[in-house]
Amino acid sequence: MILCAGEALIDMIPAETTAGETGYVPRAGGAVYNTAVALGRLGAQVSLATGLSTDAFGALLEEVAGASGVDCAPSPRVNRPTTLAMVTLTGGQASYAFYMRGTAMNDLTGAELTTPDPLPEMAVFGGISLMAEPCGAAFEALCLSLAAKGVPIFLDPNIRPGFIADEAAYRARLARMMAVADIVKLSDEDLLWLVGPDAAHGDILAQGPAVLCLTRGAEGAEAVTARGTLHVPARAVTVADTVGAGDTFNAGVLASLQAQGLRGRDAVRGASDAALEAALSQGIAAASVTVSRAGANPPWRSELPG
């Protein structure tokens, strides 16, 4: 079982009404939630740990997750409203304005977020859930606890600089989590923000992870290890929008690793170049389907080649 721990929210996607006005369509989303849904659709065993509201949007989140094969049992149900993200699309690129304070996910505490039993085979953390409080502290504590118990950690910060209230505290949190992570996934923009324009891949690996997955948009993706850099090119596709693309890429990588039998920290950290190439290839294939249609709508396994 892969545990996805982080935000679940409603993306309000702009759409034209029948009257020709601009409206918004609610879609289940959130970076870590999207990864969980995509994992379920790709046939992986997956569970979700987040704050789920008892309101109608919370019911929608649970319904979509459940229909995709995601076990929501680790997620406490709370009497707080669901987090909302207002999406703006510019040339297919998505930007977000979040409404979080007092919501089911944002106000999640360590007392509400408990360690799953039995332990997962791998755990995924990241997204805006690490930038907000008190949920950031709760998810960090769960991450460190699982890592101490030997659970492999996949970390995708998915950094949004404009959303960070306390940069020093956030950087310190990422440093603590990267120190126990086995795989870190970053975009070009994430890498630039983390270590600056003169960044070297080794700057990330030196912090603890064995594998750096680096996504480069239309140029594809790379897996960086102590052995060197492995590159897999992108696929040609007509882009509808990029909502959920990176989250789906993560799911493709993780589902491939699980299908290859790479369970346990030693197996994940020692993944061969062939295993990593297969994982990157599936991540790119899955993300290519997501960007070809509106919103975060990850593919089912039957939609991928092979």
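That block above? That's the structure.
Residues numbered from 1 in each chain as written. Predicted model: local features only at pLDDT ≥ 70, side-chain atom pairs only at ≥ 80, totals over all residues. Heavy atoms only, no water.

**Q** So, the overall build of the protein chain: which residues are in play, and what are the values?
**A** Assigned secondary structure in the protein chain consists of 9 helices and 15 strands. Its C-alpha atoms give the protein chain a radius of gyration of 18 Å, within 12% of the compact-globule value 19 Å for 306 residues. Overall, the protein chain is about 55 × 45 × 40 Å in size when its C-alpha atoms are taken along their principal axes. Taking all 306 residues of the protein chain together, the buried fraction comes to 54%. The long-range share in the protein chain, meaning contacts at least 24 apart out of those at least 6 apart in sequence, stands at 71%. Summing over all exposed atoms, the protein chain offers an accessible surface of approximately 12,300 Å²; the carbon and sulfur share of this is 53%. Positive and negative charge centroids in the protein chain, built from 19 and 31 side chains respectively, lie 4 Å apart. (Helix = DSSP H or I, 4+ residues; strand = E, 2+ residues; numbered from the N terminus. Rg over C-alpha atoms; globule rule 2.2 N^0.38 Å. Buried < 20%, exposed > 50% of the residue type's maximum accessible area, 1.4 Å probe, protein only. Contact = heavy atoms within 4.5 Å. Areas by Shrake-Rupley, 256 points an atom, 1.4 Å probe, with all protein chains shown as cover. Lys, Arg positive; Asp, Glu negative; His and termini not counted. Charge placed at Lys NZ, Arg CZ, Asp CG, Glu CD.)

**Q** Give me the environment of M178: which residues, what numbers.
**A** Summarising the element assignment, M178 is placed in helix α4 (residues 167-180). On a C-alpha basis, the gap between M178 and V239 in space is 32 Å, while along the polypeptide they are 61 residues apart. The residues touching M178, leaving out its near neighbours within four places in the chain, are L155, V184, I204, Q207, G208 and P209.

**Q** Please provide a residue-by-residue account of the packing of helix α1 (residues 31-41) against helix α7 (residues 245-259), values included.
**A** The geometry of α1 relative to α7 is characterised by a closest axis approach of 8 Å and an angle of 45° between their N-to-C directions. Judged by the inter-axis angle, α1 sits oblique to α7. Crossing hand, α1 versus α7: right-handed. On α7, the residues that touch A31, N34, T35, A38 and L39 of α1 are D247, T248, N250, A251, L254 and A255. (Axes fitted to C-alpha atoms, helices over the stretch in contact; angles between N-to-C directions. Parallel < 35°, antiparallel > 145°, perpendicular 65-115°, else oblique. Left-handed = near helix turned anticlockwise from the far one by under 90°.)

**Q** Hey, could you go over the nonpolar core for me, with residue numbers and the actual values?
**A** With 51 residues, the main nonpolar core has C4, Y33, L39, F249 and L280 as its most contacted residues. Among residues more than four places away in sequence, those in contact with F249 are K185, C213, T215, A221, L280, G283, I284 and A287. Formed by 43 residues, the second largest nonpolar core is a distinct cluster that contains L3, M100, M105 and Y170. (Core = buried A, V, L, I, M, F, W, Y, C linked by side-chain atoms within 4.5 Å.)

**Q** Tell me about the pairing of strand β12 (residues 183-187), and please be specific about residues and values.
**A** Along β12, 5 of the 5 residues are buried, which leaves the element largely enclosed by surrounding structure. A two-sided burial pattern is seen for β12, the buried positions comprising I183, K185 and S187 on one face and V184 and L186 on the other. Bridging between strand β11 (residues 153-156) and β12 involves 2 bridges; their strand directions are parallel. Across the sheet, the residue bridging to L155 is V184, located in β12. Taken together, β11, α4 and β12 form a β-α-β motif whose crossover is right-handed. One ladder, built from 5 bridges, connects β12 with strand β13 (residues 211-215); its direction is parallel. Within the sheet, the bridge partner assigned to I183 lies in β13 and is V211. (Pairing = 2+ DSSP bridges. Right-handed = clockwise from strand over helix to strand, strands pointing away.)

**Q** Residue-level account of the side chain of D11, with values.
**A** Tracing the backbone shows D11 in strand β2 (residues 9-16). It is R160 that comes nearest to the buried, bridge-free D11 among opposite-charge side chains, at 7.6 Å. Apart from the residues within four sequence positions on either side, D11 is in contact with V25, P26, R27, G29, G30, A85, V87, Y96 and V243. (Salt bridge = Lys/Arg side-chain N within 4 Å of Asp/Glu carboxyl O.)

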